[in-house]
Amino acid sequence: MTRILPVAVVCALFAAAQGVYSPSDDVVTLTPSNFNQEVLQSNSLWLVEFYAPWCGHCRTLTPEWKKAATALKGIVKVGAVDCDQHKELGGQFQIRGFPTIKVFGANKNKPEDYQGGRTSDSIVDAAINALRSLVKDRLSGRGGGGGGGSDYAKQQRTTGSKKDVVELTDDNFDKLVLDSDDVWLVEFFAPWCGHCKK
């Protein structure tokens with residue numbers, strides 16, 4: 001006798017086999033092949049979850065992590081490492097339990113352990129506080145280079161340009177600002193204006 005599994009059970013089994021995060025999520029899937037370029041060589045602030053797909057606590061965190069990633073899109077990068085598939089990354093950052101969340105700020109070689117709540121609100125609050133701290137360090141000259149990980153910043157890294165201020169024109173404004181998920185602070189100025197010069 002053939003037994004038909006309920007659709008919910010089949011979907012759950014399929015999701016477990018496919019992993020916790022999908023390409024359609026705002027959570028960046030991190031692997032040994034992209035971790036250095038995406039996280040360690042980035043000027044962006046990163047929150048990275050190290051997880052195991054079989055871990056119940058990780059599965060409970062998943063919807064909150066996705067929600068936080070969507071809320072922080074264009075502001076703070078949110079990623080995840082499947083430590084079952086990529087044990088070397090877990091070992092590199094001394095991951096002892098799941099889920100472990102690390103904050104990769106100004107010093108990417110010494111990420112901080114996230115100790116906050118496991119709700120999207122708590123995660124977003126912690127990210128904004130870490131971002132605020134990073135920006136204050138940069139203003140005082142203690143932090144790393146500029147950029148929040150925008151598409152424009154990536155383009156500048158690949159072309160070798162090191163501009164912190166982007167000159168916007170009629171030709172590039174829509175593409176860089178209006179069509180972007182990033183947060184932009186735009187100054188409209190006149191070169192002859194004394195207040196602008198100050």
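What you see as residue numbers is a count from 1 along each chain, following the sequence as written. In keeping with the model being predicted, local features are shown solely for residues with a pLDDT of at least 70 and side-chain atom pairs are shown and tallied solely at 80 or more, while totals for entire chains, interfaces and linings include all residues. Values reported for side chains reflect all heavy atoms of the structure, with hydrogen atoms and water molecules removed beforehand.

J.: Whenever I open this one, the pattern of salt bridges confuses me. Can you help?
T.: Side chains that differ in sign of charge can pair as their charged atoms come close. Take a side-chain nitrogen of Lys or Arg and a carboxyl oxygen of Asp or Glu: if they are within 4 Å of each other, that pair is a salt bridge. Applying the stated criterion to the full structure yields three salt bridges. We note a salt bridge from K66 to D25, for which the minimum N-O separation is 3.6 Å. Here K66, found in helix α3 (residues 56-72), pairs with D25, found in the loop between α1 (7-18) and β1 (28-30); they are 41 residues apart in sequence, far enough to count as distant. Residue class for K66 comes out partly exposed when judged on its relative accessible area of 27%. A relative accessible area of 18% means that D25 is categorised as buried. Salt-bridge contacts for K102 lead to D113; the nearest nitrogen and oxygen are separated by 2.6 Å. Linking K102 in strand β4 (residues 100-104) with D113 in strand β5 (residues 112-113), this pair joins segments that are 11 residues apart in sequence. Each residue is assigned to one of three classes by its accessible area relative to the maximum for its type, calculated with a 1.4 Å probe on protein chains only: buried under 20%, partly exposed between the two thresholds, exposed over 50%. In this structure D113 comes out as partly exposed when scored by relative accessible area, which is 44%. Only DSSP runs of H or I reaching four residues or more are called helices, and only runs of E reaching two or more are called strands; each is numbered from the N terminus.

J.: Would you mind going over the sheet that holds strand β3 (residues 77-82) with me for this structure?
T.: Sheet strands pair via backbone hydrogen bonds, and the direction of the pair is either parallel or antiparallel. Here five strands make up an open sheet; going across it, the order is β1-β3-β2-β4-β5 and the pairing mixed. A single partner strand is all that each edge strand has here, and the edge strands are β1 and β5. Bridging between β1 and β3 involves three bridges; their strand directions are parallel. By the bridge assignment, T29 is partnered in β3 with A80. By this definition, two strands are paired if DSSP reports at least two bridges between them.

J.: Can you help me understand the packing of aromatic side chains in this one?
T.: The geometry of an aromatic ring pair is captured by the separation of the ring centres together with the interplanar angle, meaning the angle of the planes. Aromatic pairs are defined between Phe, Tyr and Trp rings, using the six-membered ring for Trp, whenever the two ring centres lie within 6.5 Å; interplanar angles under 30 degrees are classed as stacked, those over 60 as edge-to-face, and all others as tilted. Inspection of the entire model under this criterion finds seven aromatic pairs. Aromatic pair F173 and F188: ring centres 6.4 Å apart, planes at 45°, arrangement tilted. Pair noted here: F173 is in helix α7 (residues 173-178) and F188 is in the loop between α7 and α8 (194-197), with a separation of 15 residues, a long-range link. Here F173 falls in the partly exposed class, since its relative accessible area comes to 21%. Residue class for F188 comes out exposed when judged on its relative accessible area of 70%.

J.: So what exactly am I meant to see when it comes to the confidence of the model for the protein chain here?
T.: In regions of low pLDDT, the predicted coordinates are not meant to be interpreted in detail. When the pLDDT values of the protein chain are averaged, the result is 83; 80% of them are 70 or greater. Counting contacts from residues 7-17, a segment whose pLDDT is below 50, to residues more than four positions away or on other chains yields four contacts. Low confidence marks residues 145-161, where pLDDT is under 50. Its contacts with residues over four positions away, or in another chain, come to 23 contacts. The predictor reports its confidence for every residue as pLDDT, a score running from 0 up to 100. Working rule for contacts: check all heavy atoms of both residues, and any pair within 4.5 Å makes them a contact.

J.: Looking at this structure, how should I read the side chain of K108?
T.: Turning to its location among the elements, K108 is positioned in the loop between β4 and β5. Of the side chains bearing the opposite charge, E112 lies closest to the buried K108, which forms no salt bridge; the N-O distance is 11 Å. Looking at K108, its side chain comes within polar contact range of the main-chain oxygen of S42, at 3.1 Å. Sequence-distant contacts of K108, defined by excluding residues within four places in its chain, comprise V39, L40, S42, N43 and S44. The sign given to each residue is positive for Lys and Arg and negative for Asp and Glu; His and the chain ends receive no count. N or O atoms within 3.5 Å of each other form a polar contact, as long as, within protein, one can give a hydrogen and the other can take it, and as long as residues adjacent in sequence are counted only when both atoms are side-chain atoms.

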